[in-house]
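# Geometric and topological summary
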Amino acid sequence: MTPLPDQPDPWIFLQNHTSARIARGRTGHSLPTRALLDFQLDHARARDAVYSELERDELLERLQAVHQPVLLLHSRAENRQQYLQRPDYGRKLAEKSRESLTGFEDLTGFDLCIVIADGLSATAINRHAVTVVSRLGEEVSKLGWSLAPLCLVEQGRVAIGDEIAHALKADMVVVLIGERPGLTSPDSLGAYLTFRPQPGLTDESRNCISNIRPEGFPYEAAVQKLLYLLTEMKARRLSGVQLKDEFDDNLLTP
Amino acid sequence: MAYRSAVRNLTYRFDDLKTLLAKATPLRSGDQLAGVAAETAEERVAAQMALADVPLTTFLNEAVIPYETDEITRLIQDTHNTAAFAPISHLTVGDLRNYLLSDEVDTPTLTRLQPGFTPEMVAAVSKLMRNQDLITVSAKCEVVTRFRNTIGLKGRFSTRLQPNHPTDDFRGVAASMVDGLFYGSGDAVIGINPATDHVRTVVRLLDMMDQIRQRFEIPTQTCVLSHITTTLQAIEQGAPVDLMFQSIGGTEAVNASFGIDIALLREGFDATRALQRGTVGQNVMYFETGQGSALSANAHHGVDQQTCEVRAYAVARLFEPLLVNTVVGFIGPEYLYNGKQIIRAGLEDHCCGKLLGLPMGVDICYTNHAEADQDDMDTLLTLLGVAGVNFIMGIPGADDVMLHYQSTSFHDALYLRDLCRLRPAPEFEAWLLRMELMSADGKLMPVTTTHRLLQAAGL
């Protein structure tokens, strides 16, 4: 018998343009063996990312070099198992964390609060958060905006940023959070922006930038877009679906 | 009104219709999260027994969400067709299950009954059904819609080609489009989820896809799945909008969380119809739904997630859509925990949508934080093929590199076509033959690098 290795499709050169699984070939109507196993490996890695944890000490140290103080907070979800089944717990601060915010608020109001939460991929935070926060912090200080303490949250979901920013009396919040891992991207970072954050808001009140990572939406472009959206939010005093995103990010080639 | 059921020496009491519906629902994590699920397996069956005895007329008199506070309840009650309902008006929910499964009920009967069903009636009967029943009843339905081709005919099955790219890069999108077309995908729609809801991006993606469609005279429709307000702007700017897309839910409050209401959908519908771009029909709406969205927006009013889902279909049917797609496993394990729950929900949505007269497709999918994998998707795919699903997704390698979830691949669609002897939409099938992509016996043909479709990518 002769060996029967995977045979990709003749248009395999199109793979240069996308990370999508194109031109993988077929045997009958089915996926060839190697392509099948590549998929299974990526799925295994994504599953592992869901169960990854924040590198707390290292993140705290590096974030403190950007801005101080840095507060370490925890949601009401005690562990990953509970986090996955009870999103309501992930949206609220644990009692102790809630209390620990007292004294850090600014009675005249901060312009911006940056919240960093593990979400569904602590790996994304471990890899990308410090660079984004650091560049965003620089630009924000150029604008003369006041920045609330940086908040690092374990077992957190997007809406937890509303509770935190409201307690700290911040005008706007950016939540940087690990997105649901994809097969080719176990480390995608998402950014959710809200004007006048307060508990109880839903997605219609937020703007979002997704897939922040070097192979997706690169750091610098993401920071520029964040600044654009924040400036618009501040000027127009609203966020969400009413804030149309007209940012010319130059990603489209004519 | 309270409902009761006696099991052995124990009497179960259910305070009202929405409680009864929730407790009668087969187990799923979202109803547990909402605190509306049955506490025990016995309570669930007791609720099903009580539900089986409820007359269908009860659903016309007792709303699960008050008429005064919810425009979807008003829509359901105000548009109910009593003439269509008359032949089943004497039945209970349990009788309705028997009737739907009986030999006397065929495709024309179900088509006549559609306007007589309310979402809650249909949700109720589905709760008494096993997976097999859901498949049997679905397979009797036929819902056909048209724009540039004919979707939903018996013996046929279509795919949405979904060439998403993480940064909406044109060449990346085009590469996935070409890959899909070579695999015979795209007769339901070629539809991109844009990475950002950005009117300029949307317009340019629409232009790009429309150029490829026209250049190769592909009998299909294209769509960028942006928010309705963005697509309305794109229409104002003269973009080639074939279909108006929008995600919808089953309560006024969840739709508010999506930034929409029925009036806005009407505006989108009118603006798209006015373009008159269809050639064989004018079904211009494309809706997506999925169990759990109402709870996710804290907008469920204590109604179980499957009933909320079916209420969304009342909104959809108002606009004679080309496609309705339940994105069944996208929302995550807090709503559908594992493969078993996703499979059940996919069959329910498909069956209930078809009973209400909708052209149901299913995004057979899961996320990486759900307890599910590709084996579960194979199972649901096969069941839906037998059930006569109108369309599924076609994504390169089943891996969406923008939305970060797994769905079905071009290969998966070929598998279903082969095993269930299903063919693409007739106009699209003729095109595949003309382009020498498919042979007369429905098999894919080998393609070389000189094939003219490769020019499409401009690469």
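The name given to chain B in an unreviewed UniProt entry is Ethanolamine ammonia-lyase large subunit, with the source organism recorded as Larkinella knui. The record held by UniProt for chain B lists under Sequence similarities (unreviewed entry) the comment "Belongs to the EutB family." The UniProt entry for chain B carries the following text under Subcellular location (unreviewed entry): "Bacterial microcompartment".

The name recorded for chain A in an unreviewed UniProt entry is Ethanolamine ammonia-lyase small subunit, from Larkinella knui. Taken directly from UniProt, the Subcellular location (unreviewed entry) text for chain A runs: "Bacterial microcompartment".

A few words on the side chain of Ser5 of chain B. All names here are of chain B. Here Ser5 shows up in strand β1 (residues 3–7). By relative accessible area, Ser5 is classed as buried at 7%. Of note is the side chain of Ser5, whose polar atom sits 3.0 Å from the backbone oxygen of Ala46. For Ser5, the contacting residues outside a window of four places in its chain are Leu10, Thr11, Tyr12, Phe14, Ala46, Met49 and Ala50.

Attention now moves to the nonpolar core. Membership of the largest hydrophobic core comes to 161 residues, with the highest contact counts inside it found for Leu51, Phe59 and Trp431 of chain B. In terms of residue count, the dominant contributor to this core is helix α12 (residues 199–215) of chain B (eight residues). If you count residues domain by domain, this core takes at least three from each of domain 1 (3–140) and domain 2 (145–435) of chain B. Trp431 of chain B has contacts with Leu181, Phe216, Glu217, Ile218, Pro219, Leu437 and Leu453 of chain B, leaving out every residue within four places of it along the chain. One finds Leu63, Ile116, Ala129 and Leu230 of chain A within the second-largest nonpolar core, a separate group that totals 38 residues.

For residues other than glycine, phi is negative in most cases, and the peptide bonds are mostly trans. Cis geometry marks the peptide bond from Gln68 of chain A to Pro69 of chain A, where omega comes out at -5°. Inspection of the secondary structure puts Pro69 of chain A in the loop between α2 (56–64) and β1 (70–74). The phi dihedral of Arg8 of chain B falls on the positive side, at around 50°, and the residue is not glycine. Within the secondary structure, Arg8 of chain B is located in the loop between β1 and β2 (10–14).

On average, residues of chain A carry a pLDDT of 93, and 97% of them reach 70 or more. Here residues 249–254 of chain A scores under 50 on pLDDT; set against residues more than four positions off or in separate chains, the count is ten contacts.

All names here are of chain B. What UniProt calls "binding site: substrate" (unreviewed entry) maps, in this numbering, to Arg160, Leu161, Gln162, Asn193, Glu288 and Asp363. Take Asn193: it is sitting in the loop between β6 (189–192) and α12. Other than its neighbours up to four places away in sequence, Asn193 contacts Arg160, Gln162, Asn164, Asp168, Leu225, Met402 and Leu403. Here Arg160 takes part through its side chain, which lies 2.7 Å from a polar atom of the side chain of Asn193. Within the secondary structure, Glu288 is located in strand β9 (residues 285–289). With a relative accessible area of 11%, Glu288 lands in the buried category.

Parameters at a glance
- Here, residues in each chain are numbered from 1, in the same order as that chain's written sequence.
- Ligands are numbered from 1 and chains lettered from A, in the order in which they are written.
- The model is predicted, so local features are restricted to residues of pLDDT at least 70 and side-chain atom pairs to those at 80 or more, both for listing and for counting; the totals for chains, interfaces and linings are taken over all residues.
- To obtain the side-chain values, all non-hydrogen atoms of the structure were used and water was disregarded.
- UniProt positions are given in the numbering used here, feature names are shortened, and annotations may be inferred rather than shown by experiment.
- Secondary structure is summarised from DSSP: a helix means a run of H or I of at least four residues, a strand means a run of E of at least two, and numbering begins at the N terminus for each.
- Only protein chains enter the calculation, and the probe is 1.4 Å; a residue is then buried if its accessible area is under 20% of its type maximum, exposed if over 50%, and partly exposed in between.
- Contacts described as polar in this section are N or O atom pairs within 3.5 Å, which, within protein, must combine one atom able to donate a hydrogen with one able to accept it, while residues neighboring in sequence count only if both atoms come from side chains.
- A contact between two residues is defined here by any heavy atoms of the two lying within 4.5 Å.
- Definition used in this section: a nonpolar core is a set of buried Ala, Val, Leu, Ile, Met, Phe, Trp, Tyr and Cys residues joined via side-chain atoms within 4.5 Å.
- Throughout the structure description, domain borders are defined by an automatic or database domain assignment.
- Per residue, pLDDT captures the predictor's confidence, and it can take any value from 0 to 100.

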